[in-house]
Number of protein chains: 4
Amino acid sequence: MDITTGSADAQTHPGYMHRKDDYLRRMKRIEGQVRGIERMIADETYCIDILTQVSAVTKALQAVSLGLLDEHMSHCVLDAAKADSPDADTKLREASEAIARLVRS
Amino acid sequence: MDITTGSADAQTHPGYMHRKDDYLRRMKRIEGQVRGIERMIADETYCIDILTQVSAVTKALQAVSLGLLDEHMSHCVLDAAKADSPDADTKLREASEAIARLVRS
Amino acid sequence: MDITTGSADAQTHPGYMHRKDDYLRRMKRIEGQVRGIERMIADETYCIDILTQVSAVTKALQAVSLGLLDEHMSHCVLDAAKADSPDADTKLREASEAIARLVRS
Amino acid sequence: MDITTGSADAQTHPGYMHRKDDYLRRMKRIEGQVRGIERMIADETYCIDILTQVSAVTKALQAVSLGLLDEHMSHCVLDAAKADSPDADTKLREASEAIARLVRS
């Protein structure tokens, strides 16, 4: 079965699936960075150095978001549009809302 | 010894120290949210729902940054200025650079 | 001629066209706000009050960007995808790059 | 009279005053860019090209904000702190609020 088609299975087989391991690895690294910040606070590290680390984690999360958004659009949205599915508009509206949250966060 | 004074110990006893437990609790919660996102990816959750969670974590990290920055300015910077220490300018420049990173991230 | 179809004319008749007057009005208002900030600086207004105005303009510009992006995706991208045009991928990549610039700006 | 001291005149003679012409020039340039975007919309330019221009203006406004904030902190805040003025805390709180608006906008 082809898991990348925009079929009725799109919801259970999202677009990022073929890069799932890559995303998991990136989130694991982010988890490690978050734990590093906890240690810095516990050790009473200078606040500016903590701020630098927090900015690094924020950037890494943003990159994950942009990647997931890309896959949502190129798989979920485009596939639904190509299949002339009425889902295309819903999925596009969801993407727009996610972009607005991302830009404002 | 008073750990909140802007003494020569300012670097080893940063301004957020009196709220250290609060910051640790917030970072622990963020760590839990990050692990939640890992589970969502492992479970192949719909990408838009993951994006919502990533935005929530980004917002929580931003709030931590703004809090740390506040404490840096009201303790490290102001205390150095009040003590007429030459450190005041250095600490202010560090704050400015951290703000710029924060605004651009 | 129907200006909303994703025909070969898409480039010269972009998706926002049917709301062109609305976008022009919003940009005129932003231009007025920018001139207001110039007057504040000329009048030596308190910097915090200027900062508040600059944030208001930034937010207004962001809203324009999100609107244009929406129209780009629902007209240019979706129409190209529905027409099975090879342009769909190019237009989507352009959208992704614009989103990344927007999130990072 | 020395307009840069953190005297009672600080409010009427804000910190950016000695670079007033520079800020006015930057805002004039931004005004020109905003008018350029209006022309692009009037001419029905491709939306992605407009988005690129809007991002450029947003970045230019952010740079103005960061500059004004810097001057607020190194003049208004630090001067009040050095003079042991009770204003220091108020001015710092105003700076913190402005930073939060900036980070979230």
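Residues numbered from 1 in each chain as written. Chains lettered and ligands numbered in written order. Predicted model: local features only at pLDDT ≥ 70, side-chain atom pairs only at ≥ 80, totals over all residues. Heavy atoms only, no water.

J.: I would appreciate a short explanation of the interface of chain D and chain C in the present structure.
T.: Accessible area lost on assembly of the parts is the figure often given for the size of an interface. Facing 48 residues of chain D, the contacting portion of chain C comprises 48 residues. Each partner contributes to the roughly 4500 Å² buried at the junction of chain D and chain C, and carbon and sulfur atoms together form 67% of this total. Sorting the residues of chain D by area buried against chain C places Ile41, Glu44 and Tyr46 of chain D first, and these three jointly supply 16% of that buried surface. Across the chain D-chain C interface, the total number found is six salt bridges. Close ionic contact of Lys20 of chain D with Glu44 of chain C constitutes a salt bridge, the shortest N to O distance being 2.7 Å. For the interface between chain D and chain C, the tally reads 14 residue pairs in polar contact (both at pLDDT 80 or more). Mapped by element, the contributors of at least two residues to the side of chain D that touches chain C are helix H1 (20–42), helix H2 (47–82) and helix H3 (87–104) of chain D. If one sorts the elements of the side of chain D that touches chain C by residue count, H2 of chain D sits on top with 17 residues. Considered class by class, the residues forming the side of chain D that touches chain C number 26 nonpolar, eleven polar and eleven charged. (Contact = heavy atoms within 4.5 Å. Buried area = accessible area lost by both parts, 1.4 Å probe. Salt bridge = Lys/Arg side-chain N within 4 Å of Asp/Glu carboxyl O. Polar contact = N/O pair within 3.5 Å; in protein donor to acceptor, adjacent residues only side chain to side chain. Helix = DSSP H or I, 4+ residues; strand = E, 2+ residues; numbered from the N terminus. Nonpolar A, V, L, I, M, F, W, Y, C, P; charged D, E, K, R; others polar.)

J.: What am I meant to see in a positive patch on the surface here?
T.: Residues Lys59 of chain A, Arg104 of chain B, Arg104 of chain C together with Lys59 of chain D make up a contiguous surface patch of positive charge. Note on placement: Lys59 of chain A falls in helix H2 (residues 47–82). In this structure Lys59 of chain A comes out as partly exposed when scored by relative accessible area, which is 45%. (Patch = residues over 30% accessible without salt bridge, like charges linked within 9 Å, V, L, I, M, F, W, Y side chains within 5 Å. Areas by Shrake-Rupley, 256 points an atom, 1.4 Å probe, with all protein chains shown as cover. Lys, Arg positive; Asp, Glu negative; His and termini not counted. Charge placed at Lys NZ, Arg CZ, Asp CG, Glu CD. Buried < 20%, exposed > 50% of the residue type's maximum accessible area, 1.4 Å probe, protein only.)

J.: It is not clear to me how the relation of the copies chain A and chain B should be interpreted in this structure. Could you clarify?
T.: Note: a rotation about an axis with an accompanying shift along it relates these two copies of the chain. Note on the identical chains: chain A maps onto chain B by a rotation of 180° and an axial translation of 0.0 Å, with an RMSD of 0.0 Å. What we have between these two chains is a two-fold relation. In this assembly, 100% of the residues forming the interface of chain A have copies in chain B that are likewise at the interface, indicating an isologous arrangement. (Least-squares fit on C-alpha atoms with pLDDT ≥ 70 in both.)

J.: Help me out: how do you make sense of the interface of chain A and chain B in this one?
T.: The interface is formed by 48 residues belonging to chain A together with 48 residues belonging to chain B. Both sides of the chain A and chain B interface together cover about 4500 Å² of buried area, and 67% of this is carbon and sulfur. Counting the surface chain A buries against chain B, the share from its top three residues, Ile41, Glu44 and Tyr46 of chain A, is 16%. Taken together, chain A and chain B are joined by six salt bridges. Along the contact surface separating chain A from chain B lie 13 residue pairs in polar contact (both at pLDDT 80 or more). With 17 residues, H2 of chain A is the single largest residue contributor to the side of chain A that touches chain B. A breakdown of the residues in the side of chain A that touches chain B according to their chemical character gives 26 nonpolar, eleven polar and eleven charged.

J.: Please clarify how the packing of helix H2 (residues 47–82) of chain C against helix H3 (residues 87–104) of chain C should be interpreted in this entry.
T.: Helix-helix packing: each pair is described by the crossing angle between the helix axes and the interaxial distance. All names here are of chain C. Contact pair H2 / H3: the axes reach a minimum separation of 8 Å and the direction vectors enclose 165°. The orientation of H2 relative to H3 falls into the category roughly antiparallel. For H2 against H3, the interelement crossing comes out left-handed. Along the contact surface, H2 presents Ser65, Leu66, Leu69, His72, Met73, Cys76, Val77, Ala80 and Ala81, while H3 presents Asp87, Ala88, Lys91, Leu92, Glu94, Ala95, Ala98, Ile99 and Leu102. (Axes fitted to C-alpha atoms, helices over the stretch in contact; angles between N-to-C directions. Parallel < 35°, antiparallel > 145°, perpendicular 65-115°, else oblique. Left-handed = near helix turned anticlockwise from the far one by under 90°.)

J.: Mind showing me how you'd approach the relation of the copies chain D and chain C here?
T.: Mapping chain D onto chain C calls for a rotation angle of 180° and an axial translation of 0.0 Å; the resulting RMSD is 0.0 Å. Most of the interface of chain D is mirrored in chain C, where 100% of its interface residues are also at the interface.

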